[in-house]
Amino acid sequence: MTQTRTATPEDPAKVAAFEARIAAVESIEPNDWMPEKYRRQLVRMMSQHAHSEIVGMLPEGNWITRAPSLRRKISLIAKVQDEAGHGLYIYCGAETLGVDRAELIGQLLDGTAKYSSIFNYPTLSWADIGVIGWFVDGAAIVNQTILAKASYGPYARAMIRVCKEENFHKRQGYEIVATLANGTPAQKAMVQDAVDRWWWPSLMMFGPSDTDSPNTAELIRWKVKRKTNDELRQRFVNLTVPQAMAVNLTLPDPDMTFNAETENWEFGAIDWDEFNQVIRGNGPCNRERLEARRKAHDEGAWVREAANAYAAKQRASQASEAA
Ligand SMILES: [Fe+2]
Ligand SMILES: [Fe+2]
């Protein structure tokens, strides 16, 4: 149930006590007092994150029936199923902030909530499944390892378990990539094409540049975020360049150079126009993804009705036992 909140200014003593707890790296728990803006920022971040997990099942689910072997099919099914689990786990975490899951899902389905831009790109070949595991789950690990140190307890704890599963996802992806990269010329060309298509959208996953990210400063101060978008993006690039070299694949960035002083791989300019188009709903698959979610939601209506009817029956029988 959504709690009603008044617009009265917050008690400065409470705000100060809250900020002192954050400064002391204490974990904030659901029943603790928190500024309304902290709560809202967390609902926004956690719901976007949960939506991304659920929508992220679609591009890969698309390849389950076409996996090239039973072993690959088993791994892919397990991975896609894990993503559903991540979504449910994070929706539960968001509910501890006093927001109803049905409301959050309603915002996803009516197009008002965002989810990760990356899932609006199509999976055109089997190699895409490998590259998604390597890049997209790899990027998720970089992000979520830091979120595991977030100040809000339920979010941080969810990330610890999620990261363990993401490591499996990344490895299954990189194994597919390594196999194709060592395969026939056609397989090698297929995986290079997938790298070319997914590299830049993967860098965009970390969100706008720090100079253009309105929420970052406050989220860092409240230790919801522990690193900025650009710091995380750089870490991902530094981790991924040697992995690409190890399998003789080329990242599609002629400007990529190693800076020996900072020990960073410096990369070329990101096409923020493309990013903005995708988050505004104009990516290659935005419409298709939302349609698939809406269809699944409608077709699952009978499950929700049955669960509600069952819960009502349980409540009635408990009430009559207690009487
Ligand atoms: Fe996930
Ligand atoms: Fe994953």
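Quick caveat: nothing in here was measured; it's all calculated off a predicted structure.

A word on the coordination of the iron ion (ligand 1)
Thinking step 1. Within the first shell, the iron ion (ligand 1) binds the protein through Glu53 (OE), Glu83 (OE), His86 (ND1) and Glu166 (OE), at distances of 2.0 to 2.2 Å.
Thinking step 2. Viewed at the metal, the 4 donor atoms of the iron ion (ligand 1) are separated by angles of 85 to 148 degrees, and the geometry they form is irregular.
Thinking step 3. Between consecutive donor residues of the iron ion (ligand 1), the sequence gaps follow E-x29-E-x2-H-x79-E.
Thinking step 4. Here the iron ion (ligand 1) and the iron ion (ligand 2) are spaced 3.4 Å apart, with glutamate 83 acting as a shared donor. Taken together, the residues span a long stretch of sequence, with histidine 86 in helix α4 (residues 70-95) and glutamate 166 in helix α7 (residues 153-181) at a distance of 80 residues.
Thinking step 5. Note on histidine 86: relative accessible area 1%, which makes it buried.
Thinking step 6. Given a relative accessible area of 1%, glutamate 166 falls into the buried group.

Quick look at the coordination of the iron ion (ligand 2)
Thinking step 1. Ligation of the iron ion (ligand 2) by protein atoms is provided by Glu83 (OE), Asp137 (OD), Glu166 (OE) and His169 (ND1), these donors lying 1.9 to 2.2 Å from the ion.
Thinking step 2. Here the iron ion (ligand 2) is ringed by 4 donor atoms whose angles at the metal span 90 to 162 degrees, and the overall shape comes out irregular.
Thinking step 3. Mapped onto the sequence, the residues coordinating the iron ion (ligand 2) show the spacing E-x53-D-x28-E-x2-H.

Focus on the packing of aromatic side chains
Describing an aromatic ring pair means giving the distance of the ring centres and the angle of the ring planes.
Thinking step 1. In the structure shown here, the tally under the stated rule is 14 aromatic pairs.
Thinking step 2. Summarising the aromatic geometry, the rings of tryptophan 199 and phenylalanine 236 are spaced 5.9 Å apart at their centres and angled 25 degrees between planes, so their arrangement reads as stacked. Here tryptophan 199 is found in helix α8 (residues 185-204), whereas its partner phenylalanine 236 is found in helix α10 (residues 229-246), with 37 residues between them in sequence. For the pair tryptophan 199 and phenylalanine 236, one class covers both residues: buried.
Thinking step 3. Through a chain of ring-to-ring contacts, the aromatic side chains of Trp134, Phe135, Tyr174, Trp199, Phe206 and Phe236 assemble into a single cluster.
Thinking step 4. Note that arginine 66 overlies the ring of tryptophan 63, its terminal NZ or CZ placed 3.9 Å from the centroid.
Thinking step 5. Above the face of the tyrosine 89 ring, arginine 161 is positioned so that its terminal group lies 5.0 Å from the ring centre.

Analysis parameters
- Residues numbered from 1 in each chain as written.
- Chains lettered and ligands numbered in written order.
- Predicted model: local features only at pLDDT ≥ 70, side-chain atom pairs only at ≥ 80, totals over all residues.
- Heavy atoms only, no water.
- Donors = N, O, S within 2.8 Å, 3.2 Å for Na, K, Ca; no water.
- Tetrahedral: all angles 85-135°; square planar, octahedral: opposite > 155°, others 65-115°.
- Helix = DSSP H or I, 4+ residues; strand = E, 2+ residues; numbered from the N terminus.
- Buried < 20%, exposed > 50% of the residue type's maximum accessible area, 1.4 Å probe, protein only.
- Phe/Tyr/Trp six-rings, centres within 6.5 Å; stacked < 30°, edge-to-face > 60°.
- Lys NZ or Arg CZ within 6 Å of the ring centre and 35° of its normal.

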